[in-house]
Amino acid sequence: MKTAVGAKTMTLVQAITDALDTMLDERKEVLLLGEDIGKNGGVFRATDGLQAKYGESRVIDTPLSEAGFVGAGIGMAVNGFLPVIEIQFLGFIYPAYEQIMTHASRLRMRTMGHFTVPIVIRAPYGAGVRAPEIHCDSTEAIFTHMPGIKVVCPSSPYDAKGLLIAAIEDPDPVLFLEPMRCYRSAKEEVPEGRYTIEIGKGKKLMEGDDVTVITWGAMVPEAMQAAKKMKQKGIQCDLIDLRTLFPLDKDIIAESVQKTGRTVIVHEAHATGGVGNDVLAIINDTSFLYQKAPVERVTGFDSPVPYFGFEDHYLPTPVRIQHSIEKVMKF
Amino acid sequence: MKTAVGAKTMTLVQAITDALDTMLDERKEVLLLGEDIGKNGGVFRATDGLQAKYGESRVIDTPLSEAGFVGAGIGMAVNGFLPVIEIQFLGFIYPAYEQIMTHASRLRMRTMGHFTVPIVIRAPYGAGVRAPEIHCDSTEAIFTHMPGIKVVCPSSPYDAKGLLIAAIEDPDPVLFLEPMRCYRSAKEEVPEGRYTIEIGKGKKLMEGDDVTVITWGAMVPEAMQAAKKMKQKGIQCDLIDLRTLFPLDKDIIAESVQKTGRTVIVHEAHATGGVGNDVLAIINDTSFLYQKAPVERVTGFDSPVPYFGFEDHYLPTPVRIQHSIEKVMKF
Amino acid sequence: MENHFPIRQILDKNGNVIAAEYKEKITEKLAKDFYRQMLRLRIFDRKAISLQRQGRIGTYAPFEGQEASQVGSAAALAGNDWMFPTYRDHGAAMSFGHSLRNVLLFWNGRNEGCIPPDGKRIFPPGIPIATQIPHAAGAAFAEKKKGTANAAIAYFGDGATSEGDFHEGLNFASVFKAPVVFFNQNNQYAISVPIEKQMNTKTIAQKSLAYGMPGIRIDGNDIFIVYFETLKALERARKGEGPSLIEAVTWRYGAHTTADDPSKYRDQSESRARRQETDPVLRLERWMQNQGIFDEKWVQAAEEEATAEIDHAVAEMEEFPPADPAAIFDHVFAEPTWQIKQQKEDYLKVIGGGRE
Amino acid sequence: MENHFPIRQILDKNGNVIAAEYKEKITEKLAKDFYRQMLRLRIFDRKAISLQRQGRIGTYAPFEGQEASQVGSAAALAGNDWMFPTYRDHGAAMSFGHSLRNVLLFWNGRNEGCIPPDGKRIFPPGIPIATQIPHAAGAAFAEKKKGTANAAIAYFGDGATSEGDFHEGLNFASVFKAPVVFFNQNNQYAISVPIEKQMNTKTIAQKSLAYGMPGIRIDGNDIFIVYFETLKALERARKGEGPSLIEAVTWRYGAHTTADDPSKYRDQSESRARRQETDPVLRLERWMQNQGIFDEKWVQAAEEEATAEIDHAVAEMEEFPPADPAAIFDHVFAEPTWQIKQQKEDYLKVIGGGRE
Ligand SMILES: Cc1ncc(C[n+]2csc(CCOP(=O)(O)OP(=O)(O)O)c2C)c(N)n1
Ligand SMILES: Cc1ncc(C[n+]2csc(CCOP(=O)(O)OP(=O)(O)O)c2C)c(N)n1
Ligand SMILES: [Mg+2]
Ligand SMILES: [Mg+2]
């Protein structure tokens, strides 16, 4: 295991590129598959320069066919490779849903470990960048409900690189969600070379005794902003970035809720069936007697993600989050 | 609106056939699409005799292509028909997931009501009949999270017919889940002719003050058995069959939980991301102060539905349900 | 296979009619109408790009270079036919009668932009690639069931042929002899992926053989062949003879969308050369010149007329009332469910007079 | 198209070799080996049906009638090749070396049945139609990347050609010249749906034209053409020339599965007639008879040997330890997540010594 030597300041999308570069370099079984990831470097430039560096045999532009290349990726993974597949936007993963649902996630179980599928599927997700419809979905919950696949969602450059490397090294399929709204919105020091962050562990971004605020991905900056505003009003938030959506970090949730007794969950996906409800279930199962107020969920609405002219109305905002924090405080 | 005149004793699958027959007769826009639904009458005989009665132009065998015929069904629905589409088993709906997710459920919103998709997608679901793998999925949650489609799941012949007719008459897409384990397991009086049951309304199957038991579909008989056992032990269950999974019947849940303060939710889908968590969220939102114990969930495990040699271990049983009822009672 | 599916033309690149049987059919009126429409679309397209650059609309997908394919095919439709365009086919949609204002609203993130004019059966642009193809098959099959002579046209690109929905849609239509024309614009790129990496066949037309339907490969920059072949395919459809596949070979000069930088993946000199040699507007101009009917003044007037129309549409788009958040809640179902009602109520309460 | 893709044979239905170039290649040894294998599979298939009737295994998909397609194609594989069968291709899998016990376990609802013998690269049977086709393309592409001469074979039915995954898998393989053979058994029905309602083409072989790959239509009940054409296709693959499509025209005599009643949708007399005329085992028998090498005693011995092997496998299947619930939890991930650990613990506690 190499140790990181230097460090560079980079954006989240650059950290992704760096992680891919690191792993292409470290393990010859790693290869990239997807639409426009070669010369074009991906529509978000996440694979920029990698085909030039590693060649067309490692960084492979596929036909426009998500079921085809995810299915073929499964075959390659079973046969010794570690494919990292880019889905151009999460909203275009649905044609591959069957391959993921009935094969990638089940093959280990079906064959009791004889065949396994160590693939990573990367997908930018979320609204807020004025993209056309279907480009803005946040449908992580249709994967967290699918046994046999892990779902990861970093919100910072440092976490993105460490988690992506962990995902590539994970012996099981991982869906790796990238908040496109955070791709270039902030920079951070990121170590050079290989390092990993454990899948399944959340991170405390702010410590506070009054209310637990739980979120992930593109909603982290929104929640942070709300938490800072509340601090000015004397309310201290315990702010958690979950980072992994399956398996959720039960301990960090329970520890915080047992401290504060009040919880606000923030996600941009629809309320019904959202991952927020899994957090709620953990609170129910672990911290029932500690709860001082019903949990508040600040989420996208139970409507399709609207066209971008309406998206600012659709997405949770710091104001909506503050309202909910105040509500649980007042209960 | 015709009024039902006579009544017949029938099984759930016969009630489905009867509903289809009634609507094919009442409305010429209704047509059936699917694999093997013609001469063969469907692999469960749900469309038995209907092609002979209404002809090949109304009861249409399609090529083996779920995305194709769901997609075409959307086109037909937009153009004036009321397609009722049979998916052979819920586990084979995934190839059509994109069509349902990005089109059937969104078209009304996308066009602000200009184009609409009044289709019904019928699918047998669930384990417990010793069927091969993928034939046993219970993945309702990947649809309840999808805004723009309703999800219905009857457990009795009477409800099945009334709800299917309501689904066909509904101006929006409806996923209609049929518990194959209940297809022929019981008979009931079913009125002749057209009648409807309101989508979105649950049903109380047993009244009791001690504990609320909430379930649907194929788990209804299991929960009923557990509730009867508990009655012998002096514990009175308030047993609810939800019947519709989106939109959930908030009122029946709140009313019952506010009475008993204790809840057990039973479903055969995986725990994480299951519809049980939506029930939990409703309890959190409406009945926090009434809760005397954490909610118990008795569900399928967070593993792919296993091969049928293991399915009896996988599925919730009356014993597991009783355990959970005792647990919430003892809390 | 390339020999079985040669690229057919009526007008060669110098503007000469090389298919004698069409000489009569190509009237001055038809030519001028086509020319005016292509000009109008080209002006629109450039305007839209500049609106995007100025931040007045969102990401935009230009179609310059593909005007002959879009105008020629749309012109072949009858008023009651169905159109299923993609994000790049608003050229076809506008020439079929879609409102310019609504097209601009669509690109400005407004659902209102998906609503076609009364009576016009234009589907909202298909964003998930190839998914509109089964819809067109179904809508056409519905027309057949109703016993009308209406047909449907589905637009899609070269890249779209790789998706399962392309295959399933064509198979469905062929089995049920649905009256639909599958109109492929092979602009030879799917974003950055050239056709050689998209498929192992040299033509898209030959894929028709997998469905037992007629397939033809045409010069998509020759508006006459586009028009007459689409007309033929529609006639077959109306007569109950089933679907057809048309491959119109063309080229987009510009970026995939305004978010794309084509210099990353292809030599821009090729687009420049094509503008000189195979441009659809220029080709028609050459024919008109050959006929001695090309009139600069008429062109100028047509340009001015189009510009005025487009400017008017831009103004309408910009004066359009701001997005009403109620729209998020009011069109999910015919009747909102309790979740949606409650979410609407809560949200309107939070934003009070307006959104922060 | 039918003329372009005639059904090729080596052996006609009377057991005469009609393709002279193969006379030398068809040896007694080869014929006897094929005969023995087909016999063994037929006995297995009938046994499995009777096991299902007796409730000793679950729903079963019989392949009787398709033995030549399955044995002939599997025989062409090399030991290190990959096989991607469907639920109807355990004939092929067993003749490629899969364990009979495990095949029976699979049909008895045991995941253990999906595990191939050591070193054998046999995928578990594909249940969702056509989904194994892209896997085969990918596994084959991986072999190419590794620089081996290994190839893959994907089995699928006529109905499977309608699914998007068929199209996407063939396109992927053709673009990357993956060493894979797409082996279609056209038994002319997808459950109850006859091929005329499945597609508008008369052949499946012609669908190869959509991918620029060689396609051939063969008599799937003629084991020699199956064997030699699969061998050819595999050779092409090994040489880096890419994938091929083989359509083996055949027929299943029985039900789709033991849960199906074919008399609902087709006249059973056709199956009876086919048994007399085009049966794959009978055809080979006729050839052997023509050669004067058919020996009733040898057949009887082969039958007895197969029966003993199968009875042994049935006994092994029935003696197999009962399903251990731990398996539900232990193979979801390499390391169980906390949910699974907790669920396992809770469940084992509830069932205590055993399940009620
Ligand atoms: C299912 C899906 N996958 C990916 C995308 C992203 N995407 C948008 S356009 C495009 C290329 C389409 O190429 P082509 O079909 O040739 O049409 P063109 O853009 O050239 O008109 C891609 C990959 C998408 N919209 N839908
Ligand atoms: C995606 C999917 N849809 C439906 C089914 C149900 N089903 C099982 S076999 C079958 C017919 C398959 O026909 P074909 O491909 O011709 O193969 P055959 O059974 O004739 O060998 C169907 C519809 C399935 N297994 N998967
Ligand atoms: Mg293109
Ligand atoms: Mg078949």
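*Asks:* Quick rundown of the sheet that holds strand S9 (residues 203–206) of chain A? Include the residues and the values.
*Replies:* Residues and elements named next belong to chain A. The sheet built from five strands is open, its strands ordered S9-S11-S10-S13-S14 with mixed pairing. The two strands at the open ends of the sheet, each matched to only one other strand, are S9 and strand S14 (296–300). For this sheet the average axis-to-axis angle between neighbouring strands, irrespective of direction, equals 25 degrees. Of the pairings in the sheet, the one linking strand S13 (residues 263–270) to S14 comprises five bridges and is parallel in character. Among the inter-strand pairings, Val 266 is bridged to a residue of S14, identified as Val 298. The strands touched by helix H10 (residues 276–287) are strand S10 (211–215), S13 and S14; relative to S13, the strand with the most contacts, the crossing angle is about 155 degrees.

*Asks:* Break down the packing of helix H4 (residues 100–107) of chain D against helix H11 (residues 296–319) of chain D for me, with residues and values.
*Replies:* Residues and elements named next belong to chain D. H11 packs onto H4 with a crossing angle of 50 degrees between their chain directions and a minimal axis gap of 8 Å. Taken together, the axes of H4 and H11 lie oblique to each other. In this structure, H4 meets H11 at a crossing whose hand is right-handed. Across the interface between the two elements, Leu 100, Arg 101, Leu 104 and Leu 105 from H4 touch Glu 309, Ile 310, Ala 313, Val 314, Glu 316 and Met 317 from H11. Partitioning the contact of H4 with H11 into residue classes produces seven nonpolar, no polar and three charged.

*Asks:* Give me the interface of chain A and chain D: which residues, what numbers.
*Replies:* Taken residue by residue, the interface counts 43 residues in chain A and 38 residues in chain D. Taken together, both faces of the contact between chain A and chain D bury some 3,600 Å²; the carbon and sulfur share is 69%. Taken as a group, A:Asn79, A:Arg110 and A:Met112 account for 19% of the area that chain A buries against chain D, more than any other trio of residues on that side. On inspection of chain A and its partner chain D, the count reaches zero salt bridges. Our count for the chain A to chain D interface comes out at 18 residue pairs in polar contact (both at pLDDT 80 or more). Listed by contribution, the elements that provide at least two residues to the side of chain A that touches chain D are strand S3 (59–61), helix H3 (66–78), helix H4 (97–104) and helix H5 (107–110) of chain A. It is H3(A) that contributes the most residues to the side of chain A that touches chain D, 10 residues altogether. Broken down by class, the residue content of the side of chain A that touches chain D amounts to 21 nonpolar, 14 polar and eight charged.

*Asks:* How would you sum up the coordination of the magnesium ion (ligand 3)? Please name residues and give values.
*Replies:* Residues and elements named next belong to chain C. Only Asp 158 (OD), Asn 187 (OD1) and Tyr 189 (O) from the protein reach the magnesium ion (ligand 3) as donors, at distances of 2.1 Å. Counting the intervening residues between successive donors of the magnesium ion (ligand 3) yields the motif D-x28-N-x1-Y. Note that Asp 158 is positioned in the loop between strand S3 (152–157) and helix H6 (164–176) and Tyr 189 in strand S5 (residues 189–190), a separation of 31 residues in sequence. Both residues of the pair, Asp 158 and Tyr 189, count as buried.

*Asks:* Could you give an account of the site of ligand 1, with specific residues and numbers?
*Replies:* Near ligand 1, the surroundings consist of 21 residues, among which A:Glu66, C:Tyr87, C:Arg88, C:Asp158 and C:Gly159 are the closest. Proximal residues around ligand 1 fall on chains A, B and C, making this an inter-chain site. The separation between an oxygen atom of ligand 1 and a polar side-chain atom of C:Arg88 is 2.7 Å. If ligand 1 stood free it would expose 580 Å²; the protein chains cover 95% of that surface. Its residues placed into classes, the shell around ligand 1 shows 10 nonpolar, five polar and six charged.

Reading the values: the criteria
- Residues numbered from 1 in each chain as written.
- Chains lettered and ligands numbered in written order.
- Predicted model: local features only at pLDDT ≥ 70, side-chain atom pairs only at ≥ 80, totals over all residues.
- Heavy atoms only, no water.
- Pairing = 2+ DSSP bridges.
- Helix = DSSP H or I, 4+ residues; strand = E, 2+ residues; numbered from the N terminus.
- Axes fitted to C-alpha atoms, helices over the stretch in contact; angles between N-to-C directions.
- Contact = heavy atoms within 4.5 Å.
- Parallel < 35°, antiparallel > 145°, perpendicular 65-115°, else oblique.
- Left-handed = near helix turned anticlockwise from the far one by under 90°.
- Nonpolar A, V, L, I, M, F, W, Y, C, P; charged D, E, K, R; others polar.
- Buried area = accessible area lost by both parts, 1.4 Å probe.
- Salt bridge = Lys/Arg side-chain N within 4 Å of Asp/Glu carboxyl O.
- Polar contact = N/O pair within 3.5 Å; in protein donor to acceptor, adjacent residues only side chain to side chain.
- Donors = N, O, S within 2.8 Å, 3.2 Å for Na, K, Ca; no water.
- Buried < 20%, exposed > 50% of the residue type's maximum accessible area, 1.4 Å probe, protein only.
- Near = heavy atom within 4 Å.
- Areas by Shrake-Rupley, 256 points an atom, 1.4 Å probe, with all protein chains shown as cover.

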